[in-house]
Protein chains: 2
Amino acid sequence: MQIGIIGLGLIGGSLGLALRDMKLIDKIWGYDLSEQNAREAQELGLVDEICDFEYIKEHCDVIFLAIPVDAIVATLKRLEGVGAMTTIIDLGSTKAEIIASCPPSLRYNLIPAHPMRGTEFSGPKAAFRELLKGAVVVICDDKNIGESHVKRAVEIFSHVGMKIVFMDAASHDHHTALISHLPHVISFSLVSAVLSEENRVNIVNLAGGSFEGMARIAKSSPEMWLDIFKQNRQNLLNSIDEFEEQMAACRKMLENSDWAGLYQWMSEARKIREIL
Amino acid sequence: MQIGIIGLGLIGGSLGLALRDMKLIDKIWGYDLSEQNAREAQELGLVDEICDFEYIKEHCDVIFLAIPVDAIVATLKRLEGVGAMTTIIDLGSTKAEIIASCPPSLRYNLIPAHPMRGTEFSGPKAAFRELLKGAVVVICDDKNIGESHVKRAVEIFSHVGMKIVFMDAASHDHHTALISHLPHVISFSLVSAVLSEENRVNIVNLAGGSFEGMARIAKSSPEMWLDIFKQNRQNLLNSIDEFEEQMAACRKMLENSDWAGLYQWMSEARKIREIL
């Protein structure tokens, strides 16, 4: 089996490293629009060999798209014409718009997947072999995909050590807006508030553990997150509403010195300990 | 030198463990209102010996208050009458109200301090020797304190490996509202929004790294944080305003599909990488 990975950053590079351990795979080809990324990926051994886009399109049995979600939409159009046996797996963080804009001739080939794992770092140097191990990967709208393609994706993901969850694309985008995309909006907002009010010295001295933890994902790539916010705009706006409702309730209790209510509200939130 | 630690939870217990390595100290006494905490602290070896409150008040050279901030206010009143040579170090997360409510006869003895380190866990079992090592500790309002008491506190904190920062209490409460207390309000709000909308299965599957990181501090003790919110209420309300301004700006750019503006805003926030 010949594998092609388009996009050799954090996700694509980590996938390449993990797949290099798989005996089912003959060779892993890599392509990146950025020549520097491609060179770094080769030096780091993230894939077996660097090639061009056309080579992957023509020769690979499985093609992974590990690029920003707007680039996935554009790249799927360039992949029109691949053979019926070619499996295309996109690893974008949004799913409905990618599926809606996928050329009809490729809907049979395309596995819309989303690995629920990342770090705030990006690029080939951020990749590491263990990133995807143990992570959930969501596979969306599987009933429209050729069965052989689904089986192939399931085999590869499970061999990497990932936990597979099937979900329709609308649900995926709805739930990830709240659980994954909203936290990024919040982190960017918190960091913006702190940076606009505080000097470097106070931030370094007082950051402690809490601010540093909350600020971590504001270090993420703005390019990648802009695309996600674009594609999942309406769900994200709804999630912001839900968050702002809670924040307004908290503010009201603070204003009214409603300490019993505030204690109750915090105790309810603390039940997250039973889940995570 | 005889040390007394009142409150044997995460902070008091970790301090006890760290001080047990110090050759300058003859004995570390511990007291906790909860008999179970006291027993656990003894079993875990967090202090040399458990005793009652009065013993610490009468015999210790340095008394640490590692209890919730409202309890610090009450306990300072109980400490009236200690000798002029007794150093009292409170480790609360707010400072202005503690100083304002301190009996005048103790203002000379009291070091209002705030170690900028914690975890979401509490109680004696959460304590560990390395917690405070390398952490910043803020010492407030030092001009009203007896010089010998300041020197003693500086020696102890620096021997534990802490980084000392001097700051007036009003500044401390203003800055920590934004950098430390606001992140807790945000985390409680995010978790409340997610718990009210999502079931356990979706949370477990989709939490990835970002939600888990943002939700961590919502697992903190509501008792402790309620007291902090009470004592720093007005600064906290101002910080919420500043955060909500940023969130509203983000929402407006999303609503207007102002992608250039959103990209710029995220890129500005990302500059936190240069600081943290």
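Provided above is the structure to which this section pertains.
Now for a look at the structure at hand. Predicted model only: the values in this text are computed from it and were never measured.

1. As for helix 6 (residues 147–160) of chain B
Residues and elements named next belong to chain B. Across its 14 residues, helix 6 extends 20 Å between first and last C-alpha, which sits within 8% of the 20 Å expected from 1.5 Å per residue. When helix 6 is considered as a whole, its buried residues turn out to be H149, V150, R152, A153, I156, F157 and V160. With its buried residues spanning 165° around the axis, helix 6 presents them on a single face. Once helix 6 finishes, G161 follows within two positions and takes phi at roughly 95°, a positive value.

2. Side note on the relation of the copies chain A and chain B
In screw terms, the move from chain A to chain B is a rotation of 180° and a rise of 0.0 Å along the axis, fitting with an RMSD of 0.0 Å. Such values leave the two copies arranged in the relation of a two-fold axis. Residue A:M214 of chain A places its C-alpha closer to the rotation axis than any other residue of that unit, at 2.7 Å. When the interface residues of chain A are mapped onto chain B, 100% of them again fall at the interface, so both copies present the same face.

3. With respect to the interface of chain A and chain B
Between chain A and chain B, the contact holds 83 residues from the first and 83 residues from the second. Both sides of the chain A and chain B interface together cover about 8,400 Å² of buried area, and 72% of this is carbon and sulfur. Area buried by chain A at its contact with chain B is led by A:I179, A:L206 and A:L276, which between them contribute 9% of it. The tally of links between chain A and chain B comes to four salt bridges. Close ionic contact of B:D241 with A:R251 constitutes a salt bridge, the shortest N to O distance being 2.2 Å. Between chain A and chain B we count 26 residue pairs in polar contact (both at pLDDT 80 or more) in total. Of all elements in the fold, only strand 7 (136–140), strand 8 (163–167), helix 7 (169–197), helix 8 (200–206), helix 9 (210–215), helix 10 (222–231), helix 11 (233–255) and helix 12 (259–269) of chain A reach the threshold of two or more residues within the side of chain A that touches chain B. If one sorts the elements of the side of chain A that touches chain B by residue count, helix 7 of chain A sits on top with 22 residues.

About the cut-offs
- As a convention, each chain's residues are numbered from 1 in the sequence order in which they are written.
- Just so you know, chain letters begin at A and ligand numbers begin at 1, following the order they were written in.
- Owing to the predicted nature of the model, reporting of local features is limited to residues with pLDDT of at least 70; listing and counting of side-chain atom pairs is limited to 80 or more, with chain, interface and lining totals taken over all residues.
- To obtain the side-chain values, all non-hydrogen atoms of the structure were included, while hydrogens and water were left out.
- In DSSP terms, a helix is any run of H or I states spanning at least four residues, a strand is any run of E spanning at least two, and both are numbered starting from the N terminus.
- Here the expected length of a helix is defined as 1.5 Å per residue gap, with one fewer gap than residues.
- Partly exposed describes any residue whose relative accessible area lies between the buried limit of under 20% and the exposed limit of over 50%, with all areas from a 1.4 Å probe on protein chains only and scaled to the type maximum.
- To obtain the arc, one takes the directions from the helix axis to the C-beta atoms.
- Least-squares superposition of the copies uses the C-alpha atoms of those residues scoring a pLDDT of at least 70 in each of them.
- Note on definitions: a residue-residue contact is assigned when non-hydrogen atoms from the two residues lie within 4.5 Å.
- By definition, the buried area sums, over both parts, the 1.4 Å-probe accessible area that each loses when the two are put together.
- Think of a salt bridge as a Lys or Arg side-chain nitrogen and an Asp or Glu carboxyl oxygen that are within 4 Å of each other.
- Here a polar contact is recorded for every N or O atom pair within 3.5 Å, except that within protein the pair must consist of a potential hydrogen donor and a potential acceptor, and residues adjacent in sequence are included only if both atoms are side-chain atoms.

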